[in-house]
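Residue strings, one per chain:
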Amino acid sequence: MGRTLLSGLFYCPVIFIQWVLIVSSDLLQRFLFDNAAIRGEWVSLQESWQEVLNRRDYPAPIRRALGEMMGAAALLTATVKIDGRLVLQIRSQGPVSLMMVECTSDNTLRAFAQWDGELPEQAGLSSLTGEGTLAITIEVAGAKNPYQGVVNVQGDSIAETLESYFERSEQLATRIWLCANDHNVSGLFLQQLPSDEEGKEKAEEDWSRISQLAATITDEELLTLEVETLLHRLFHEEEVRLFDPTALAFACTCSRERVAETISMLGQEEAEDIIDAEGGIEVACEFCNEHYHFDKVDVAEIFTDNIASEGDPGTLH
Ligand SMILES: [Zn+2]
């Protein structure tokens with residue numbers, strides 16, 4: 001009887017995990033080459049990408065760039081294996097002032113962009129951002145200071161910009177391919193693993209051969225092929241080992257409580273001034289476009305609650 005119970009407990013999560021993987025259209029697949037010190041990842045996003053597109057009417061060039069950033073964030077998060085979140089941000093003086101994507105270690109994604117005016121249909125990344133910078137921020141749960149790396153936007157693509165970041169910061173040869181259309185986002189990532197002096201020559205040969213094979217990929221193949229088919233098409237003469245795929249999903253962490261916290265940081269006087277002038281405080285989440293409204297009574301409650309909690313030093317909030 002004890003044994004039945006134990007095997008029952010063990011078996012349920014396995015079924016659950018498989019079920020999640022089968023139904024998800026958004027997957028990240030890590031892989032390794034058995035005969036070369038190179039790691040790889042492939043990502044495909046459909047539902048989470050549609051969630052982003054449904055929330056704002058982005059012009060076509062922003063859709064391409066933001067989609068590629070979303071694919072990149074998923075690929076990079078899988079390389080750092082942290083408990084926390086990774087944020088990619090492009091800031092610029094160009095027509096697109098901000099593009100931001102967040103991917104968490106819980107495998108959730110969210111993204112948004114801010115822009116001004118009309119954008120030509122075919123505008124490339126550099127004409128959206130001018131002399132923009134791309135920042136990679138990694139926040140680890142419990143750590144005081146986040147890690148941040150910054151690189152200038154290079155060439156005309158997110159992939160090229162990230163490749164130059166890796167070359168400078170990690171000195172690991174890295175290739176990234178990203179593609180986004182209105183239906184899905186896909187990405188492929190290859191990175192050379194560190195090798196010792198003796199293995200250097202073979203490692204260089206392996207990298208040269210495998211990255212050249214990967215470079216034959218087309219946008220069409222990246223967007224449409226299943227991972228097994230794609231890897232077979234590119235690397236059928238290599239030995240590729242696939243890990244279990246990870247399911248990804250759109251999620252936003254905004255809430256009425258968090259907005260109330262932000263209002264409390266304004267201070268009572270300023271919050272009441274806004275109420276007097278505007279009749280209420282209206283806050284929209286940039287990521288999910290959810291609107292939160294606070295009237296005079298709500299705001300009064302925020303500050304009454306604050307006073308109550310300040311008088312109770314024994315409670316942690
Ligand atoms: Zn939100």
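Computed from a prediction, not measured in an experiment: that's the story for all the values here. (Residues numbered from 1 in each chain as written. Predicted model: local features only at pLDDT ≥ 70, side-chain atom pairs only at ≥ 80, totals over all residues. Heavy atoms only, no water.)

Some words on the packing of aromatic side chains
Overall, the coordinates contain six aromatic pairs when judged by the stated rule. Centroid distance F33 to F235: 5.0 Å. Interplanar angle 90°. Geometry classified as edge-to-face. Linking F33 in strand β1 (residues 27-33) with F235 in helix α8 (residues 227-235), this pair joins segments that are 202 residues apart in sequence. The two residues F33 and F235 agree in class, both being buried. Ring centres of Y58 and W115 lie 5.5 Å apart, and the angle between their planes is 50°; this geometry places the pair in the tilted category. On the criterion of sequence distance, the pair formed by Y58 in the loop between α2 (47-55) and α3 (60-80) and W115 in strand β5 (residues 108-115) is long-range, its members being 57 residues apart. When the ring centre of F243 is taken as origin, the NZ or CZ atom of R30, which lies over that ring, is 4.6 Å away. Directly above the ring of F287 sits R110, whose terminal nitrogen or CZ lies 3.9 Å from the centroid. (Phe/Tyr/Trp six-rings, centres within 6.5 Å; stacked < 30°, edge-to-face > 60°. Helix = DSSP H or I, 4+ residues; strand = E, 2+ residues; numbered from the N terminus. Buried < 20%, exposed > 50% of the residue type's maximum accessible area, 1.4 Å probe, protein only. Lys NZ or Arg CZ within 6 Å of the ring centre and 35° of its normal.)

Some remarks on the pairing of β1
Regular strands place their side chains on alternate faces of the sheet. Counting buried positions over the seven residues of β1 gives five, a clear majority of the element. Bridge count for β1 against strand β2 (residues 38-45) is six bridges, and the pairing is antiparallel. Across the sheet, the residue bridging to L32 is R39, located in β2. Hairpin connection, β1 to β2: the antiparallel pair is bridged by four residues. (Pairing = 2+ DSSP bridges.)

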